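Structure assessment
Take a look at the letters that make up each chain.
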Amino acid sequence: MGYLDRRHWGWMRLFCSFSQVGAGSAGAMVANRLSEFHNVLLIEAGGTPNPILLIPVMTYAIHGRDPIDWKFRTVPQKNSSFGIINNSNYWPSGKGLGGSSNINGMIYLRGNVTRI
């Protein structure tokens, strides 16, 4: 598969009612809802999902790898991250169908209303 360039625009206008860029958790849901009544082109970065992602404890072993992680870093912090080189934290963000839900280790956190 290659990238989309001007040669594909005519095809997209002819067959697709909507173009959705990003198939993270929310993007895939929006594309699904739109596809009930329209033709949707869904574009997502990343490659084929790694089978190791099916093992929750192993997701941390693949953080920072090119095919599934954008490898973002925070800007250098003045008042935190003192033990980290350049005071810049690693910020995991997933690529591919499902986005960051691929690399979150199937962890679901919800705040406690009594602590607000």
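A quick note: this is a predicted structure, and the numbers were derived from the prediction, not measured.

What counts and what doesn't
Numbering of residues begins from 1 in every chain and follows the order in which that chain's sequence is written. Selection of residues for local features in this predicted model requires a pLDDT of at least 70, selection of side-chain atom pairs for listing and counting requires 80 or more, and totals for whole chains, interfaces and linings are taken over all residues. Note that the side-chain values use all heavy atoms of the structure and ignore hydrogens as well as water. Going along the chain from the N terminus, every DSSP run of H or I of four or more residues is numbered as a helix, and every run of E of two or more is numbered as a strand. For the exposure calls, accessible area comes from a 1.4 Å probe over protein chains only, and a residue counts as buried if that area is under 20% of its type's maximum, exposed if over 50%, partly exposed in between. By definition in these notes, contact holds between two residues if any of their heavy atoms fall within 4.5 Å. Surface accessibility in these figures is a Shrake-Rupley result with a 1.4 Å probe; residues are shielded only by whichever protein chains are displayed. Any two rings among Phe, Tyr and Trp, with Trp reduced to its six-membered ring, count as a pair given centres within 6.5 Å; such a pair is stacked if its planes are under 30 degrees apart, edge-to-face if over 60, and tilted if neither. Two conditions define a charge located above a ring, namely a distance within 6 Å from the ring centre to NZ of Lys or CZ of Arg, and an angle within 35 degrees of the ring normal. Each residue carries a pLDDT score, the predictor's confidence in it, ranging from 0 to 100.

As for the overall build of the chain
For the chain, the count of helices and strands is two helices and four strands. Its helices and strands taken in sequence order, the chain reads α-β-α-β-β-β from the N to the C terminus. Residues counted as buried form 22% of the 116 residues belonging to the chain. Pairs at least 24 apart in sequence give 40% of the contacts found in the chain among residues at least 6 apart. A total accessible area of about 9,200 Å² is found for the chain, and carbon and sulfur atoms account for 60% of it.

Let's talk about the packing of aromatic side chains
All chains considered together, the criterion is met by one aromatic pair. Taking the centre distance of 6.3 Å and the plane angle of 10° together, the rings of Trp70 and Phe72 count as stacked. Residue placement shows Lys95 over the ring face of Trp70; its charged tip is 4.6 Å from the ring centre.

What about the environment of Gly105?
One can find Gly105 in the segment after β4 (90-91). Its relative accessible area of 11% is what places Gly105 among the buried residues. Spatially, the C-alpha atom of Gly105 lies 7.5 Å from that of Tyr60, the residues being 45 residues apart in sequence. Among all residues touching Gly105, those that are not within four sequence positions of it are Pro56 and Thr59.

Quick notes on the confidence of the model for the chain
Looking at the chain, the pLDDT average stands at 80 and 85% of residues meet or exceed 70. The spread of mean pLDDT over the elements of the chain runs between helix α1 (residues 9-15), the lowest at 68, and strand β3 (residues 72-73), the highest at 90.

So, the side chain of Ser81
On the secondary structure map, Ser81 appears in the loop between β3 and β4. Aside from chain neighbours lying at most four places away, what touches Ser81 is Asn87 and Asn89.

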